[in-house]
Amino acid sequence: MFETARRSLGYSLARMHFRNQRDQVIDFTESLASGNRVLLILPLTPSKAPIASLLELFRTRYGEDMVSVVTDARDTTIAGALPRSEIIRMHMTEVTRLFHPPADILKRVKDRKYDVAVDLNLDFLLPSGYICKASTARIRVGFARPGADLFYNFQIKFEGSNTTAMYDRLASCLKMF
């Protein structure tokens, strides 16, 4: 009961925090291809998400040293998949009571300039959406879910529960740009 109220209050505070940050109208034609630095936000809840095709896409398009990754603190596989990338580890217990990411994570994200930020969480999670918006990336990609409009300017809509198909669709959409 209190969790829903805290989540709602956290969302409202995020809207107030980002109210002056208006998105520019941009042309998505080659918008991802022209970017230099990428922020990937991996699923923050423990899962065996089939994201290998997406990791390969970003590794080949941008290079490992141009990709930063926000991941769950317990994730041990990402360091092997992207050994030269900056890994920012966050545990869900570090999230504030209003479901905002911790200040040290936000500082690390804001210290770099990103052209593209991609949130790979299938469900809308306020901490990952907040990180994506706080990155000030020109292109912020996420899945279309209620409440996601504030945080992403490029949303992928997908019906169904097949996670492999969802990530494959995301990869094919991103390859177009």
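Note that the coordinates shown come from a computational prediction; the quantities given were computed from them, not determined experimentally.

A. Here's a closer look at the environment of Phe18. Structurally, the position occupied by Phe18 is in the loop between α1 (2-17) and β1 (38-41). Under the relative-accessibility criterion, Phe18 is labelled buried at 3%. C-alpha of Phe18 to C-alpha of Gly142: the two residues are 124 residues apart in sequence and 17 Å apart in space. Setting aside its immediate chain neighbours within four residues, Phe18 contacts Tyr130, Lys133, Ala134 and Phe151.

B. Examining the pattern of salt bridges more closely. Counting across every chain of the model gives eight salt bridges. We note a salt bridge from Asp65 to Arg84, for which the minimum N-O separation is 3.8 Å. Highlighted residues: Asp65 in the loop between α2 (52-62) and β2 (67-72) and Arg84 in the loop between α3 (78-81) and β3 (86-90), separated in sequence by 19 residues. When the shortest N-O distance is used, the salt bridge between Arg74 and Asp72 registers 3.0 Å. Overall, the relative accessible area of 5% leaves Asp72 in the buried class. One connected set of salt bridges, linked through shared partners, spans Glu56, Arg59 and Glu64.

C. Focus on the side chain of Glu86. One can find Glu86 in strand β3. On the basis of relative accessible area, Glu86 is assigned to the buried category, the value being 18%. Polar side-chain contacts of Glu86 include one of 3.4 Å to the side chain of Arg108. When residues no more than four places from it in sequence are discounted, the contact partners of Glu86 are Val67, Ser68, Val69, Arg108, Arg112 and Tyr114.

Conventions we followed
Here the residue numbering is sequential within each chain, running from 1 through the sequence in written order. The predicted nature of this model means local features are confined to residues of pLDDT at least 70 and side-chain atom pairs, given and counted, to a pLDDT of 80 or more, with totals for whole chains, interfaces and linings taken over all residues. Note: side-chain values were computed over all heavy atoms of the structure, leaving out hydrogens and water. Put simply, DSSP marks the helices as runs of H or I at least four residues long and the strands as runs of E at least two long, and each gets a number from the N terminus on. Relative accessibility decides the category of a residue: with a 1.4 Å probe and only protein chains considered, values under 20% of the type maximum give buried, values over 50% give exposed, and everything between is partly exposed. By definition in these notes, contact holds between two residues if any of their heavy atoms fall within 4.5 Å. Salt bridges are defined by distance alone: a side-chain nitrogen of Lys or Arg within 4 Å of a carboxyl oxygen of Asp or Glu. In the analysis that follows, any N or O atom pair within 3.5 Å is treated as a polar contact, provided that within protein one partner can donate a hydrogen and the other can accept it, and provided that, for residues neighboring in sequence, both atoms belong to side chains.

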